[in-house]
Amino acid sequence: MLTQEGELLLPVLKISFDQISHTLGRVGESSYREILNVGVVGTFAVGWLLPRLGDFQQQYPFVDLRISTHNNRADIAAEGLDFAIRFGTGAWHATAAQPLLPAALSVMCTPAIAVRLNTPADVLGETWLRSYRADEWTEWLLAAGLPRSFPMTKSIVFDSSIAMVEAAMQGAGVALAPPLMFSRQLSSGALVQPFDTAVSLGGYWLTRLQTRPETHAMTSFREWLLTAINA
């Protein structure tokens, strides 16, 4: 029979032995798996990362990859992320940032709308589909050669470029988004890029907390990501 001291120790020892059993199960021959939590801005996730995940899994079977998408607002510490891939200029407080891909913005719309767009000035007569950054359309119009005094037009604001481009494919207006991330829609003809003019206001970055040392899984993911981008 258990003594009084044994009864006090039993729950603690059970938890400890369960943890040891769980860890030994992970470290069995060729079965060790390391969890990697990555937050990814939705545009990059759908437009670049997801089509290539099979290659990563094949090369690094020991990594248990867990992906969460965000609308470019990620709190790495609060969300327990190892990495966050986001759009911007690379300046985030207490964050180490490595550039991944440029993300120049250009006009995209359905073929039916494109026939009305003979010059960049013609977009002033269409509904603008835009992000929360109001300056994107201004910068694109200036890059296209329009004077700074152009009139504003009606617009719909989205917190996700994926939703914005989906609205563009439904004919809701003209979207300003990175063609690189929507190459499949452009290749299929669902969208067209009526003008070559593009404006760069940032790019995609791989970020992590400066105080976070890299694990083996983190190093593997970072090196695979950079190799795939530069291939």
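For the structure itself, look to the data block above.
Residues numbered from 1 in each chain as written. Predicted model: local features only at pLDDT ≥ 70, side-chain atom pairs only at ≥ 80, totals over all residues. Heavy atoms only, no water.

**Brief notes about the pattern of salt bridges**
To keep it simple, the criterion reads: We define a salt bridge as a contact between a side-chain nitrogen of Lys or Arg and a carboxyl oxygen of Asp or Glu at a distance within 4 Å. Exposure classes here rest on a 1.4 Å probe applied to the protein chains alone. A residue is buried below 20% of its type maximum, exposed above 50%, and partly exposed in between.
Inspection of every chain in the model, using the stated rule, returns six salt bridges. We note a salt bridge from D64 to R66, for which the minimum N-O separation is 3.5 Å. Here R66 falls in the partly exposed class, since its relative accessible area comes to 42%. What you see here is one network of salt bridges that share partners, running through R208, E214 and R222.

**Notes on the sheet that holds strand β7 (residues 155-157)**
Definition in use: Here the rule is simple: two strands pair whenever DSSP picks up at least two bridges between them. Only DSSP runs of H or I with at least four residues qualify as helices, and only runs of E with at least two residues qualify as strands; both kinds are numbered from the N terminus onward. Every axis in this analysis is a line fitted to C-alpha atoms, fitted for helices over the stretch in contact. Angles between the N-to-C directions lie between 0 and 180 degrees. The contact definition used throughout considers only heavy atoms, calling two residues in contact when any of these lie within 4.5 Å.
Reading across from one edge, β5-β8-β6-β7 is the order of the four strands in this open sheet, with mixed pairing throughout. Here the strands that pair on one side only, and so sit at the sheet edges, are β5 (106-108) and β7. Between one strand axis and the next, the sheet turns through 30° on average, direction left out of account. Looking at chain direction, β5 and strand β8 (residues 174-177) are connected through three bridges and run antiparallel. If you follow S106 over to β8, its bridge partner there is A177. Packed on one face of the sheet, helix α6 (residues 135-143) meets β5, β6 (128-130) and β8 and runs near 90° to β8. Helix-sheet contacts for helix α7 (residues 161-169) involve β5, β6 and β8, and the interaxial angle to β8 is about 150°.

**Quick word on the pairing of strand β1 (residues 34-41)**
Within β1, six of the eight residues are buried, which leaves it mostly tucked inside the rest of the structure. Pairing of β1 with strand β2 (residues 63-70) involves eight bridges; the strand directions are parallel. If you follow V41 over to β2, its bridge partner there is H70. With three bridges connecting them, β1 and strand β3 (residues 83-88) associate as parallel partners. Across the sheet, V38 pairs through a bridge with F83, a residue of β3.

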